Amino acid sequence: MARPTVSAAEDDDVDLRSVLEGALFVRRSGRFSQFPPEWFTVPRRAWLVALFGWAPLPLLVMLQASLAGGGDIASFAREAGVHVRCLVAAPLLVLAEATCAPRLSNIINQFDDGDLVPADARERFRAALLSTRQLMASHVAEILIVVLAYSASVLAIRTLEPADLPAWLNGPDGYSLAAWWYLMASMPLLLILMLGWLWRLLLWGRLLWLLAGLKLALAASHPDRVGGLGFVGHSVRAFIVPGMALSTVVAGRAMYDVINTGAISLPHLILNVGLLALAVVLLVAPLFTFVPILARLRRQAVIDYGALGRRVGRGFEADWLRNKATIETPPAPRQDISYTADLYAIVANAQSIRLLPVEPRGVVALILAMALPFAPVVLMLVPLATILKLAKDLIL
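Now for a look at the structure at hand. Everything numeric in this text was worked out from a predicted model, so none of it was measured.

Moving on, we come to the overall build of the protein. Each helix and strand in the protein was counted, giving 17 helices and two strands. At a minimum sequence separation of 6, the contacts of the protein that also span at least 24 residues come to 83%.

For the largest pocket, the calculated volume is near 1,200 Å³. Residue lining of the largest pocket: 47 residues in total, with R85, L191, M194, V249 and V250 positioned closest to the centre. Taken together, the elements giving at least two residues each to the lining of the largest pocket come down to α5 (80–95), α8 (139–159), α9 (177–212), α11 (240–261) and α12 (266–284). If one sorts the elements of the lining of the largest pocket by residue count, α9 sits on top with 11 residues. Of the residues contributing to the lining of the largest pocket, the split by class is 37 nonpolar, six polar and four charged.

Turning to α8, a few remarks are in order. With 21 residues, α8 extends 30 Å between its outermost C-alpha atoms, agreeing within 8% with the 30 Å of an ideal straight helix rising 1.5 Å per residue. Taken as a whole, α8 has its buried residues at A141, E142, I145, A149, S153, A156 and I157. Viewed end-on, α8 has its buried residues packed into an arc of 155°, placing them on one side of the element. Every exposed residue of α8 that faces more than 90 degrees away from the buried side is listed here: V140, I143, L155, R158 and T159. Turning to α8, the residues buried within the fold contact β2 (174–175) and α9. One side-chain oxygen at the N-terminal end of α8 lies 3.3 Å from the backbone nitrogen of V140; it belongs to S138.

Quick look at the pattern of salt bridges now. Taken as a whole, this structure holds four salt bridges when the rule is applied. The closest approach of N and O atoms between E97 and R45, which form a salt bridge, is 2.8 Å. Residue E97 is located in the loop between α5 and α6 (100–113), and its partner R45 is located in helix α2 (residues 42–54); the two are separated by 52 residues in the primary sequence. In this pair, the class of E97 matches that of R45, namely buried. Taking the shortest distance from any N to any O, the salt bridge between D112 and R122 comes out at 2.8 Å. Within this pair, whereas D112 is found in helix α6, its partner R122 is found in helix α7 (residues 122–136), the two being separated by 10 residues in sequence.

Within the secondary structure, S235 is located in helix α10 (residues 235–238). Excluding residues that lie within four positions of it along the chain, S235 makes contacts with L104, I107, W204 and L287.

Let us look at the nonpolar core. F111, W204, L216, L229, V232 and F290 are the most contacted members of the largest nonpolar core, which has 78 residues in total. At 12 residues, the largest contribution of residues to this core is made by α9. Not counting residues up to four positions away in its chain, the partners in contact with V232 are I107, F111, L208, L287, F290 and P357. Listed in part, the 17 residues of the second largest apolar core include W168, Y175, Y182 and M187.

Contact pair α5 / α11: the axes reach a minimum separation of 8 Å and the direction vectors enclose 175°. In terms of orientation, α5 lies roughly antiparallel with respect to α11. On α11, the residues that touch A80, G81, V84, R85, V88, A89, L92 and L93 of α5 are V241, P242, M244, A245, T248, V249, G252, R253, M255, Y256 and I259. When the residues that make up the contact of α5 with α11 are grouped by side-chain class, the tally is 14 nonpolar, three polar and two charged.

It is worth spelling out the environment of L191 at this point. Along the chain, L191 falls in helix α9. Since its relative accessible area comes to 23%, L191 is described here as partly exposed. Spatially, the C-alpha atoms of L191 and V146 are 8.6 Å apart, while their sequence positions differ by 45 residues. Once residues within four sequence positions are removed from consideration, L191 is found in contact with A149 and A152.

Let's shift gears to the packing of aromatic side chains. Per the stated rule, a full pass over the model turns up seven aromatic pairs. Taken together, a centroid distance of 5.1 Å and an interplanar angle of 70° make the contact between F76 and W168 edge-to-face. Within this pair, whereas F76 is found in helix α4 (residues 73–77), its partner W168 is found in the loop between α8 and β1 (170–171), the two being separated by 92 residues in sequence. Between the aromatic rings of W168 and Y182, the centroid separation amounts to 6.2 Å while the plane-to-plane angle is 70°, which identifies the pairing as edge-to-face. Of the two residues, W168 is situated in the loop between α8 and β1 and Y182 in helix α9; the sequence distance between them amounts to 14 residues. Comparing W168 with Y182, the two get one shared label, buried. Through a chain of ring-to-ring contacts, three or more aromatic side chains come together here, namely W54, F76, W168 and Y182.

This brings us to the environment of Y175. Take Y175: it is sitting in strand β2. A residue is classified by how much of its surface remains accessible, and Y175, at 14% relative accessible area, is buried. Polar side-chain contacts of Y175 include one of 3.3 Å to the backbone oxygen of I157.

Glancing now at unusual backbone geometry. Peptide bonds are, in most cases, trans, and in most cases residues other than glycine have a negative phi. One non-glycine residue, D115, adopts positive backbone phi at about 60°. Located in the positive-phi region is K215, a residue other than glycine, with phi close to 55°. In this structure, K215 sits in the loop between α9 and α10.

Rules and cut-offs
- Residues numbered from 1 in each chain as written.
- Predicted model: local features only at pLDDT ≥ 70, side-chain atom pairs only at ≥ 80, totals over all residues.
- Heavy atoms only, no water.
- Helix = DSSP H or I, 4+ residues; strand = E, 2+ residues; numbered from the N terminus.
- Contact = heavy atoms within 4.5 Å.
- 1 Å grid on protein atoms, 1.4 Å probe; cavity = no way out; pocket = protein on both sides within 12 Å on 5 of 7 lines; lining within 4 Å.
- Points joined across faces, edges and corners; volume = space filled by probe spheres on them.
- Nonpolar A, V, L, I, M, F, W, Y, C, P; charged D, E, K, R; others polar.
- Expected span 1.5 Å × (residues − 1).
- Buried < 20%, exposed > 50% of the residue type's maximum accessible area, 1.4 Å probe, protein only.
- Arc of directions from axis to C-beta.
- Polar contact = N/O pair within 3.5 Å; in protein donor to acceptor, adjacent residues only side chain to side chain.
- Salt bridge = Lys/Arg side-chain N within 4 Å of Asp/Glu carboxyl O.
- Core = buried A, V, L, I, M, F, W, Y, C linked by side-chain atoms within 4.5 Å.
- Axes fitted to C-alpha atoms, helices over the stretch in contact; angles between N-to-C directions.
- Parallel < 35°, antiparallel > 145°, perpendicular 65-115°, else oblique.
- Phe/Tyr/Trp six-rings, centres within 6.5 Å; stacked < 30°, edge-to-face > 60°.

Don't take any of this as a statement about function, it's just geometry.
Given below as structure tokens:
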């Protein structure tokens, strides 16, 4: 992939300190400039997404039931997966913009503010930010996402048999009115939001890949043991809300199974665990772009700081062992114990560089957040009293 370049004039026209903020299909200028800015606030868009995706469904179910037959209201009420996807997952994917994008932009700005970018690489640094900003507003990406979302909907229409679907999706002559709204509006809307976040994740990984190729000014002795890149690992926490939204989609299907069958089949359980594990891997995957440069940094640190450690050790032994020094009669202040201990601590940091700048607590927080939507499923399968008794037995 060719490295992007940018002129100073282009750079002056773009806010390069918020390259990952904003959203696809939302413009504050140009084709949407006739609308007031408050129309584009994240909370307002979250409410609109929930209303557009869900509100017509119960109305159409009742209309179908009263006028043309079909459209089972009780069946729709038990459709927990649809309710959760439309009223929780989709709005969360919108609300995630308010937490994820600013955090990612702050992390990227640390490369500049922390003097990690060498002077001879600053033009390529700016070019990487500008190209990311342009791709975030790409009309081609928007069109492709819409095409993919509706392709999935058309595939569902062509492959699903109405007889195999819940009663609320069936009408007298095939799909019900609510089914057509769900397949042509609600489901594509959710897919568009999910694909939009996948696009943002791809851009995040691409941007980190570009930055990893800038010969960053890393310090092998940095106490974070990743050369000073420890702040990048906090990006995992930035994806907690979109990760929770994705797990809500999976949990909704599990909840539907429990409500309608009283259990989760083993294939569905394996699929749920696999999807959640895949999501965690995908959210952590962009950090692997730094593995090659951290591996090189560690190899060099083993050589350089190993030599330093040997020199420090020889000096320490010469002063304290060969000269028969003691605490009461210490050697010359050229190399006392605290001096040696501090140097050895630096050597230890340099020689124990980790290859992945990931924050373990951030990964744990992400996993717990993605497991949270499954709490109602667990409570439906296992009574709360039983859970409390098991917890009591473990503690006492």
